[in-house]
Structures are given as structure tokens and as C-alpha cells.
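Overview (structure and organization)
Below, each chain spelled out in residue letters.
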Amino acid sequence: MDLTCTDEEEEYRARLREWLTATLPGLPGRPDPLDWPARRAYDCGWQRRLYDAGYADTHWDASPTQRLIFLEETERAGAPYVGANFVGLLHAGPTIAAEGTAAQRERWLPPILRGDAVWCQGFSEPDAGSDLASLRTRAVRDGDTYVVSGQKIWTSHAEVADWCELLVRTDPAAPRHRGISWLAMPMDTPGVTVRPLRTLAGSTEFAELFLDEVRVPVSHRVGEENDGWRVTMVTLSFERGTAFVGEVVACRRLLGELARTARENGTWDDPVLRRRLGRLSAEFQALWRLVQANVSEAQATGGVPGAGGSVFKLHYSHARQELYEAAAAVLGPDALDLDRDWTLDRLTSLSYTIAAGTSQIQRDIVAERILGLPKGR
């Protein structure tokens, strides 16, 4: 697909840039990055501004070029990113748009776009590890409802969420990939208990989720019963293929800031560091080209990213970690200062080779689905 900007798309860029210039100075101060209730309010407020201005649906209802223009311009201007809204905007929302019924799309998508509803992701389980298909959370059909019992872990933004995209086992006798269903569960349902997990950085954006005979309407199932694994692959395709797009732009901006800081504090005189930053610049430029290819492929194939998203996720995870290791080399002892954004981002980057599918899982996907290699025994 040709990603050269048309006159109409350049007009969109100019209009967006003008709106950002007028809007950003009026935003309230950013909250404490470790205070997720405050961040939810801030992030949802920003999403509402985007909605009112006509930019909220860019994540799943825009041309590939428009989407990339939006991410480039908002990041360049220093605008807020999706924050607490990331599961709804980048995972659950696109999945519902692709797989949901008309009634489900009408019910769930507008609140996500307006910033009225925050979603969390209930996929991982303590005993499943990276083998998501071995999940044990049970959903027993009782008339028009499912009775759900089990436990989830690393549930993103559970403590501030209104809804959860939840994977459950609806047929324990079926082969493990065929007995799973994808449900939308209200987080205020009786029987739901959230226990926040504190990260190395002190934040609580993850939680344990305990489900004790939680009743979820059958009408909240996206896709057919026991077809949840296929629906999940759609969710994971978005998570790996397009959800990190904005972060690539942010990393490219950070590289420029690192170079300026290195010149100011004298570390730029180290030729090894200069080569390191130069190589990282080339890495993120290549990742941006891969982003363009993945977004274009998704548009050409009905909006769902393909296996190329695993190539991107694998390479991006390691490049991001290398970037923040380079930042630590530039900052020196200041890299231990937790009041610096870069320090918190460095700690967060440690999780990227695990989050959204471990690097080992991504290598398996690339080997089997792209290179056509046989599965290991």
C-alpha cells in the first residue's frame, strides 16, 4: 500500500497540528504517574477532548496513513498517550469492532471512544504462564448467564476499570484451544475481587483478579461459544501489531533528547556511546518502517494485523530495553533517581520481553507461521 500522503491527508495533519497547538496549553497538570485513579481521570479527560474534536476513532476507524499521522503529531507535540485507556482503545475495542455484533459494537465502542469506560485485560493466569491456552478459569452455562470462577493475574488496570476482556474455559472436555470463550465482564459484578500488585517502580497498574461465581450474561460473549481462542488471536494481533505504534514514535523522540543530554553532560565525547545511539536510531527507523508495513497489511486484510506483528513485537521489546540502557549510560548516577521519567520508563521496559507474549513465544510464531518451520516436539 502506498503510504505517501495525499493532499487530503496533509490537510488532516495541518488541522490536527493546529488543534494540538491550541488545546495542549489548556490541559491540567499531569498527575503522579504512580496514582492510577488520578491518571484514569486525566487520561479519560484527554480522550473526551479527542472525541469532542473528532479524533477519538483514529485507533481503529481511519486510514493507515491517517493513523500514523495522528501518532506522529500527537507524540511530537507532547500530547498525552492512551494511558489507562490502552486496553479499551488498543485491544478490546478493535476486537469488538472486528468480531462483535452490531448491538455489541453500539453498546461498548462509543463509551470507550468518549473516555467513559476503562477496560482491563483478564487473560493471564498464575498456573498458565506463557501457555495461555492452558487457562483454568471456568464458565458454566446457566440459562442466559455464565457462572465464572477462577483467578487471573497481571490484569492491566483492574483497579480502575469498568469492564474486563475475559478469557474463560466453557468446555473443559474439548481440546484446550477449542473450549475457550471471550467475555466482556462488568467489574462491579458481585464476586469480583481485585488485589493490586505493586511493581518495581511502585505503581499498581497490574492486579490479581479473583472470580467467585461471577454471573456474566451470555449476550456479553464476543464470538461463538468455544471459539474464543480465535477471537483471542484477533486481540493479540492488535496487541502485538499496532498497540505499540505510538511508543515507537516516543522512542525516536527520546533518542533526540538523549543525544542533546549527552552533548550537555560530556558523555557525547565517548565514541562508543555515539555509535550506540546511532545504531539505535537506525533500529527505530527500521521499526517505524515495519509499523507502516503492518498497519498497511491490516488495512488490506480487513483491519486485523497479521503474524508480522510478532516480528515487530520481538524486535521492539529488545530495542526498547537497549534504548533505556543507553539512557542509563548517558545519565550516569542520575539514572537511579526515581523522580526522573527516564528511570521509571527504564524499569517499565524490563517487562516488555514478557508482556503481550514473551520473546520466546514470538520466536515460535515467527518460525512456524512466517518461516514455515516445523513445530518443536
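Not measured: the values here are computed from a predicted model. (Residues numbered from 1 in each chain as written. Predicted model: local features only at pLDDT ≥ 70, side-chain atom pairs only at ≥ 80, totals over all residues. Heavy atoms only, no water.)

Here we look at the overall build of the protein chain
What counts here: Helix numbers and strand numbers start at the N terminus; a helix is a DSSP run of H or I with at least 4 residues, a strand a run of E with at least 2. Each residue is assigned to one of three classes by its accessible area relative to the maximum for its type, calculated with a 1.4 Å probe on protein chains only: buried under 20%, partly exposed between the two thresholds, exposed over 50%. Pairs of residues are marked as contacts when any of their non-hydrogen atoms sit within 4.5 Å. For accessible areas, the Shrake-Rupley method is used with a probe of radius 1.4 Å. Any residue's cover is judged against the shown protein chains and nothing else.
Looking only at helices and strands, the protein chain features 11 helices and eight strands. The proportion of buried residues among the 377 residues of the protein chain is 52%. Counting contacts in the protein chain only where the partners sit at least 6 residues apart, residues at least 24 apart contribute 74% of the total. Of the roughly 17,400 Å² of accessible surface on the protein chain, a fraction of 50% belongs to carbon and sulfur atoms.

So, the packing of aromatic side chains
Our working definition: Here the aromatic set is Phe, Tyr and Trp, taking the six-membered ring for Trp, and pairing holds for ring centres within 6.5 Å; pairs whose planes are under 30 degrees apart are stacked, those over 60 apart are edge-to-face, and all others are tilted. In this scheme, the term charge over a ring applies when either NZ of a lysine or CZ of an arginine sits within 6 Å of the ring centre and within 35 degrees of the ring normal.
In this structure the tally under the stated criterion is seven aromatic pairs. Between tryptophan 19 and tyrosine 55, the ring centres sit 5.3 Å apart and the planes meet at 50°, which makes this aromatic pair tilted. Placement of tryptophan 19 in helix H1 (residues 7-23) and of tyrosine 55 in the loop between helix H2 (36-53) and helix H3 (64-76) is noted, with a sequence separation of 36 residues between them. Overall, the relative accessible area of 18% leaves tryptophan 19 in the buried class. Looking at tyrosine 55, the relative accessible area reads 6%, which means it is buried. On the basis of an interplanar angle of 85° and a centroid distance of 6.1 Å, the ring pair of tryptophan 108 and tryptophan 119 is categorised as edge-to-face. Of the two residues, tryptophan 108 sits in helix H5 (residues 102-114) while tryptophan 119 sits in strand E1 (residues 119-122), which places them 11 residues apart along the sequence. Judged by relative accessible area, which is 1%, tryptophan 119 ranks as buried. Among the aromatic side chains, those forming a connected cluster through ring pairs are Tyr12, Trp19, Trp46 and Tyr55. Taking NZ or CZ as reference, arginine 39 lies 3.9 Å from the ring centre of tryptophan 36, over its face. Its end group placed over the ring of tryptophan 268, arginine 263 keeps NZ or CZ at 4.2 Å from the ring centre.

As for H5
Keep this limit in mind: The span you would expect from a helix comes to 1.5 Å times its residue count less one. Think of it this way: the bend at a residue is just the angle between two axes, each fitted to seven residues, one set ending at that residue and the other starting at it.
Here H5 is 13 residues long and its end C-alpha atoms lie 18 Å apart, about the 18 Å a rise of 1.5 Å per residue gives. In the structure, H5 departs most strongly from a straight axis at tryptophan 108, where the bend amounts to approximately 25° and where the proline proline 110 lies between one and four residues downstream. Buried within H5 we find Gln104, Trp108, Leu109, Pro111, Ile112 and Leu113. Packed against the buried residues of H5 are H2, helix H4 (86-99), E1, strand E4 (163-169), strand E5 (180-186) and strand E8 (221-222). Just beyond H5, the residue with positive phi is glycine 115, at close to 80°.

Quick notes on the pattern of salt bridges
Quick note on the threshold: The working definition used for a salt bridge is a side-chain nitrogen of Lys or Arg within 4 Å of a carboxyl oxygen of Asp or Glu.
For the structure on display, the rule yields 19 salt bridges. With a closest N to O distance of 2.6 Å, glutamate 75 and arginine 253 form a salt bridge. Here glutamate 75, found in helix H3, pairs with arginine 253, found in helix H7 (residues 245-265); they are 178 residues apart in sequence, far enough to count as distant. Residue classification places glutamate 75 among the buried residues on the basis of a relative accessible area of 10%. The salt bridge partner of glutamate 322 is arginine 279, with a shortest N-O separation of 3.1 Å. Highlighted residues: glutamate 322 in helix H9 (residues 308-331) and arginine 279 in helix H8 (residues 271-300), separated in sequence by 43 residues.

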